[in-house]
Structures are given as C-alpha cells and as structure tokens.
Amino acid sequence: MNKEYYKNTVDDLKEFKSVCEEDLNKANNIAADEWNTISPKNEKEFEEYYENSKSYIDAMAVYNTTGKKLRLFSKINKVIESLGDVKTIVDFGCGVGSDSLEFSSLGYDIIAIDLSSAALDFTKWRRRKYKMQFRILNTNGKIPQADLILSLDTLEHVYDPYKTIKRLIESKPKYLLLTTAFGVHETDEHTIPQHTDHNVHKLEKFIEENGYKKQKLAMPFPPRLFIKQ
C-alpha cells in the first residue's frame, strides 16, 4: 500500500487536461470565486455548479496529494480492514477517483459514483490508465447494493444531506462509513464557501432512526461508522 493513486493525482491531471501550475496553486480560490459568483440556492443549482465548474477538479486533485488526505485514507483503511467482511464498496462522491483506485488495488470490488462532470471523466481516464476494472456510475441512478458505502467529505457539498443519506440507506448496505466537514468555511490557506451548514449530530440521529447504529472507533478524529441493525 504505497498510496500512489493519491500522490499521482496532480501529475495525472496534467496528462488528462491542460492546466498550468499557477492555476493549480490558486485552484481553491478560483473554485470559491466560481461558487460565489453563481451563489447556488437550490439542489439543481448545487448540482450544476459541480457538473460545470472548470476549477473544482483542480482543487480536488491538489487536496488528494496532501498529507491530510493520505492520513484520512490510512484511517479509513484500518476501519474497513477491522470489519473483516467487506468485499464490495460503493464510493459515493468519488471525486477524482483516488479512493476508488486505492481500494480497488487492495482487492475490493468498487462502484464509484458521482455527478457527471469533468471529475467523473477524469476518474474514468485514470481507471483506464491504471488498468482497473471497477464500475463508474453517475448519481442519477439507483445506488447499487454493497457491503459498505463510503462517503468521504461529500455530504457537506450536497443541498440536502438527509435526502442523500436516505438514498444511500435504501440500498441496505451493512455499513455506512462517513466523513463530513459541515460548517467548515475556511482553512489557513483558503476559504471554502461550498460547504453547507448542517448539524452533524442531527444527521447521525437521522441515520440511527433509519436502522443503523453508530459505532465508537478508538482513534483520534475518527470517521463515522454505522452498522445496519
């Protein structure tokens, strides 16, 4: 497990499309400006932003090479390994595909799902480059059944996370494994206006009311694991 699919994301992006170093360095700010110009106010406008943004793919690619993302993968991988019975994973909100590529290389049957966008096209391109065989779907269809649904830093980007969670639960996975950043609108480096403000504890309660129980994980800043009851 050398995490090459994360480390190679920006280099892959430069092969996939024409992008200059300056744009990559400013990718988060450019994506934020796009968001603020459009100022999405409903589900359709949210989706149109992510489907049509020219710079959000750059911002995701840069993030995928960071130590923060690599540490998150290590945590997620430990949790999934500890469960012992996971074979099929839906990567919901797969973005630029690094999680799907990494887990596919570890032998899991992956189904990568996201909005139809440049990022999804890039994930398909990377799948071909690395000669992987996992499925890639857009979010319009029914969520396939899987042992585990993985949704990393996705729910804060949707207009109605409760509606999204309901769709995921309807596919009846054994496990839901989530990370969210509701209300986080800035880091030391840039602002993130795309993140929505929702109460994560209310969302957890909603998940438990729909047949799942949250599990305690013995690690700092753990992801949220729910098991079907």
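Remember, it's a predicted structure, so these values are computed and weren't measured experimentally.

A.B. asks: Just give me the short version of the packing of helix H2 (residues 9-16) against helix H6 (residues 56-64), but keep the residues and values in it.
C.D. replies: Taken N-terminus to C-terminus, the directions of H2 and H6 make an angle of 150 degrees; their axes are 8 Å apart at the nearest point. In terms of orientation, H2 and H6 fall into the roughly antiparallel class. Listed contacts from H6 to Thr9, Val10, Leu13 and Phe16 of H2 are Ile57, Asp58, Ala61, Val62 and Asn64. Counted by class, the contact of H2 with H6 contains six nonpolar, two polar and one charged residues.

A.B. asks: Explain the pattern of salt bridges to me, using residue names and the numbers behind them.
C.D. replies: Pairing is possible between side chains that carry opposite charge, provided their charged atoms lie close to one another. Applying the stated criterion across every chain yields a total of 13 salt bridges. For the salt bridge of Glu43 with Lys163, the shortest nitrogen-to-oxygen distance reads 3.0 Å. On the criterion of sequence distance, the pair formed by Glu43 in helix H5 (residues 43-52) and Lys163 in helix H10 (residues 161-170) is long-range, its members being 120 residues apart. The class of Glu43 is partly exposed, set by a relative accessible area of 31%. A salt bridge links Glu204 to Lys214; the nearest nitrogen and oxygen atoms lie 2.9 Å apart. Placement of Glu204 in helix H11 (residues 200-209) and of Lys214 in strand E6 (residues 212-215) is noted, with a sequence separation of 10 residues between them.

Reading guide: rules and limits
Residues numbered from 1 in each chain as written. Predicted model: local features only at pLDDT ≥ 70, side-chain atom pairs only at ≥ 80, totals over all residues. Heavy atoms only, no water. Axes fitted to C-alpha atoms, helices over the stretch in contact; angles between N-to-C directions. Helix = DSSP H or I, 4+ residues; strand = E, 2+ residues; numbered from the N terminus. Parallel < 35°, antiparallel > 145°, perpendicular 65-115°, else oblique. Contact = heavy atoms within 4.5 Å. Nonpolar A, V, L, I, M, F, W, Y, C, P; charged D, E, K, R; others polar. Salt bridge = Lys/Arg side-chain N within 4 Å of Asp/Glu carboxyl O. Buried < 20%, exposed > 50% of the residue type's maximum accessible area, 1.4 Å probe, protein only.

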